[in-house]
Amino acid sequence: GVATANMYPDITLSAGSSFGASSINQLFNASSLAWGIAAGLTAPIFEGGTLEANRQAALEYYKASAATYQQTVLEAFGQVADQLKAVETDGVLMAQQRIALDVASDTLRMQRLSYREGKSNLVDLVSAQRSFGQARLSYASAAAQRYADTAALFVALGGGWWQSQPAIARN
């Protein structure tokens, strides 16, 4: 708009006042006050296509800025979608790891009872303990990944939105 406006004449209006007197005693009398009104008109005469080129450059810059903004918004939506899918996948993985942990815990409990009754050996008990430890580690790893992906989701959403107050609460 500014580049287009520069192609048309520019009108300037101004007004001013001043004091003028031949002696200091007459300086502040009403008769020594002078008013002046001025108008100015400037118009582009011949710019050799410069104004049109400037206008076209401004339009192209606007289009480029709009395209950059659109690309940024699309990337932001893509990041949010990716993080939502990651959090969903992490939830499924955590549920599976929880089942594996419960099975390993039950297996360890049964191995301990079997070992006390003398129906299994120490190697089987140690193997059950190792499996239970690995299941706990896998579950903790899945939970940590879900927490990390949840934090990444908050970042993708822009962060800080949970601290903002609705307009009604601020008034």
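How each quantity is defined
- Residues numbered from 1 in each chain as written.
- Predicted model: local features only at pLDDT ≥ 70, side-chain atom pairs only at ≥ 80, totals over all residues.
- Heavy atoms only, no water.
- Helix = DSSP H or I, 4+ residues; strand = E, 2+ residues; numbered from the N terminus.
- Expected span 1.5 Å × (residues − 1).
- Buried < 20%, exposed > 50% of the residue type's maximum accessible area, 1.4 Å probe, protein only.
- Contact = heavy atoms within 4.5 Å.
- Patch = residues over 30% accessible without salt bridge, like charges linked within 9 Å, V, L, I, M, F, W, Y side chains within 5 Å.
- Areas by Shrake-Rupley, 256 points an atom, 1.4 Å probe, with all protein chains shown as cover.
- Salt bridge = Lys/Arg side-chain N within 4 Å of Asp/Glu carboxyl O.
- pLDDT = per-residue confidence, 0-100.
- Core = buried A, V, L, I, M, F, W, Y, C linked by side-chain atoms within 4.5 Å.

**Structural notes on helix H2 (residues 50–116)**
Now for step 1: Helix length check: H2, at 67 residues, gives a terminal C-alpha distance of 96 Å against a target of 99 Å (1.5 Å per residue), a fit within 8%.
Now for step 2: Residues of H2 that are buried include every one of Leu 51, Val 80, Gln 83, Ala 86, Val 87, Asp 90, Met 94, Gln 97, Leu 101, Ala 104, Leu 108 and Ser 114, and no others.
Now for step 3: Close packing links the buried residues of H2 with helix H3 (122–156).
Now for step 4: Phi turns positive one or two residues past the end of H2, at Gly 118, with a value near 85°.

**Regarding a nonpolar patch on the surface**
Now for step 1: A cluster of nonpolar residues, Tyr 115, Leu 122 and Val 126, forms a patch on the protein surface that exposes about 270 Å² of accessible area.
Now for step 2: Among the residues examined, Leu 122 registers a relative accessible area of 47% and is labelled partly exposed.

**Some remarks on the confidence of the model for the protein**
Should pLDDT be low for a region, the predicted coordinates there are not to be read in detail.
Now for step 1: Per-residue pLDDT for the protein averages 81, and the proportion of residues at 70 or more is 65%.
Now for step 2: H3 holds the highest mean pLDDT among the elements of the protein, 95, whereas strand E2 (residues 33–42) holds the lowest, 55.

**Digging into the nonpolar core**
Now for step 1: Of all hydrophobic cores here, the largest spans seven residues; its members are Leu 101, Ala 104, Leu 108, Leu 125, Ala 128, Phe 132 and Ala 135.
Now for step 2: The set of elements that each furnish at least two residues to this core consists of H2 and H3.
Now for step 3: Considering each element in turn, this core owes the most residues, four residues, to H3.
Now for step 4: Among all residues touching Ala 104, those that are not within four sequence positions of it are Ser 131, Phe 132 and Ala 135.

**Describing the side chain of Asp 90**
Now for step 1: By the secondary structure assignment, Asp 90 is in helix H2.
Now for step 2: Discounting residues that sit within four places of it in the chain, Asp 90 has contacts with Gln 145, Arg 146 and Asp 149.

**Observations concerning the pattern of salt bridges**
Two side chains of opposite charge can pair, provided their charged atoms sit close to one another.
Now for step 1: This model, assessed by the stated rule, comprises three salt bridges.
Now for step 2: Lys 63 serves as the salt-bridge partner of Glu 60, at 3.8 Å between the closest nitrogen and oxygen. Of this pair, Glu 60 and Lys 63 are both found in helix H2, three residues apart, which corresponds to roughly one turn of the helix.
Now for step 3: Residue Asp 102 is joined to Arg 98 by a salt bridge in which the shortest nitrogen-to-oxygen separation is 3.3 Å. Of the two residues, Asp 102 and Arg 98 both sit in helix H2, four residues apart, roughly one turn of that helix.
Now for step 4: According to the relative accessible area criterion, Arg 98 is partly exposed, its value standing at 38%.

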